[in-house]
Each structure stands twice: as C-alpha cells, then as structure tokens.
Amino acid sequence: REPGARLLAAPMVFYFTPRGDQGHVLFMGKDKVENEDLIAYSFPEDIWFHVDALSSAHVYLRLSKGQTIDDITAEELEDCCQLVKANSIQGNKQDDLSIVYTPSANLRKDSHMQVGQVGFHSSKAVLRAKVKTRDNAVVNRLNKTKVEEYPDLRAAREHYENQLRKERKEAYREAQKQKLEEDRERRRDEEARSYDRIHTTDAMQSNKEMAEKYSSVEEAEEDFM
C-alpha cells in the first residue's frame with residue numbers, strides 16, 4: 001500500500017448473523033489494522049470478544065439500543081465464543097479455551113500500545129466464558145451467513161451520535177412539556193382550593209351577621225318577607 005492509503009480506504013468488515021430473533025449482528029475486522037477502526041468507532045451497545053491471553057480476531061456483538069451485556073442470550077454467547085475461537089490460530093487448536101468479553105466502552109487504547117492491542121478501564125467489567133471444544137456445526141452455520149462489507153465506520157458513528165442527540169433533545173422537550181402541564185394543573189388546583197376557602201369564609205360571615213341581626217329564624221323570615 002502507498003503511504004496514507006490506509007487512511008483513505010474503508011476497512012473490510014465481516015458480518016455474521018447469530019442465532020435468535022433479537023436482530024443483533026456479529027462482526028469482526030479482516031485483520032488487526034481493521035480492528036483499530038472498530039475500536040475507535042464502536043457503539044455503546046457493542047460487546048467485544050477475544051481469546052484470553054492469546055492472539056485472535058476481535059469479534060463484536062452489536063446489541064439493540066439501550067441493551068447491555070446482560071441481554072446476551074446463551075445461544076448468542078456460544079456463537080460469539082465459537083467465532084472467536086475459530087479465528088485464533090492457537091486458540092482454535094486448544095480445548096477448554098477461555099474467552100473474555102466486555103462492553104466496547106471498557107476498552108482502553110494507549111499511545112504506546114501496538115496496533116490491535118487493547119487494555120481495559122476496569123477489570124471488573126470483563127466477563128469470561130469457557131469453550132470446551134470447537135463446535136463445527138456452529139462455526140459452519142455462522143460462516144454461511146458471512147457478508148463482506150466496506151463500511152464508513154466514522155460516518156456510522158457520527159450518525160449514531162446525531163440520532164442520540166436528537167432523541168435526548170426530544171426527551172428533554174417532552175419532560176419540560178410534562179412539567180409545564182403539571183405546574184398548570186397544580187395552579188388550577190390551588191386556585192380552586194383558594195376559591196372554596198373564600199366561598200366558605202363568606203358563607204360563615206353571612207351566617208354570623210344573620211345571627212347578630214335576628215334573634216330567631218322566624219324573625220329573619222318575617223323581615224325577608
């Protein structure tokens with residue numbers, strides 16, 4: 001490649017369809033260079049998978065907006081782990097393999113790290129799963145869904161953030177609208193209670209004046225007539 005060509009070219013990304021009907025998607029970069037872009041432009045709902053302590057592909061599971069790592073199904077977890085194992089030269093040959101996974105936001109990238117290398121902000125947010133052995137049926141099924149694309153990851157992330165800002169603004173406007181309506185309702189209630197107090201006080205005052213003027217109801221009726 002010519003110097004600078006990598007910066008202009010879109011990364012190659014492989015997409016896979018995991019089991020289940022949740023609409024989630026699995027994806028990974030072609031190599032460690034592609035992984036740099038996947039790290040930089042990942043979504044908050046992306047869950048990162050890697051073979052523990054060995055070289056492997058960086059596999060991501062993109063959940064639906066608002067979902068967390070706890071929403072991953074058992075079938076999806078197995079698919080992710082089998083795909084990571086199958087894309088590790090050493091790990092693919094080993095049994096009882098440990099897989100680590102964590103939200104992409106927990107990935108740490110320092111300037112001194114090599115291409116494709118990552119760390120974690122918090123080790124407590126890193127989960128582990130054990131793969132006893134390679135399951136060819138799972139791997140073959142995933143490979144049949146494999147699609148090669150060259151997405152503009154930066155543009156996708158910018159679009160995501162723009163949509164998120166719009167949703168937050170809309171939520172804020174709705175909250176302010178609701179608060180304004182509640183304030184109006186409270187003022188109406190206060191005004192109604194204030195009117196009731198005035199009405200009751202006036203009635204009490206009228207009764208008191210009647211009692212002071214007339215010695216009996218009959219006398220008041222005669223005066224009225």
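Everything here concerns the structure above.
Residues numbered from 1 in each chain as written. Predicted model: local features only at pLDDT ≥ 70, side-chain atom pairs only at ≥ 80, totals over all residues. Heavy atoms only, no water.

Caption draft 1: Region of interest: the side chain of Asp46. Within the secondary structure layout, Asp46 lies in strand β3 (residues 46–51). Note on Asp46: relative accessible area 0%, which makes it buried. The contact partners of Asp46, leaving out residues within four places of it in the chain, are Phe27, Tyr60, Leu61, Arg62, Thr102, Pro103 and Ser104. (Helix = DSSP H or I, 4+ residues; strand = E, 2+ residues; numbered from the N terminus. Buried < 20%, exposed > 50% of the residue type's maximum accessible area, 1.4 Å probe, protein only. Contact = heavy atoms within 4.5 Å.)

Caption draft 2: Here's a closer look at the environment of Leu26. Within the secondary structure layout, Leu26 lies in strand β2 (residues 25–29). Classification of Leu26 by relative accessible area gives buried; the value is 0%. For the pair Leu26 and Glu76, spaced 50 residues apart in the sequence, the C-alpha separation amounts to 9.1 Å. The contacts of Leu26, once residues within four sequence positions are left out, are Phe14, Tyr15, Phe16, Pro18, Val59, Tyr60, Leu61, Asp79, Cys80, Leu83 and Leu142.

Caption draft 3: Up close: the pairing of strand β4 (residues 59–62). Relative to β4, β2 runs antiparallel, the two being bridged by four bridges. Opposite Leu26, over in β4, you have Leu61 as the bridge partner. Sheet topology note: the β3/β4 ladder contains four bridges and is antiparallel. Bridging from a neighbouring strand, Phe49 pairs with Val59 of β4. (Pairing = 2+ DSSP bridges.)

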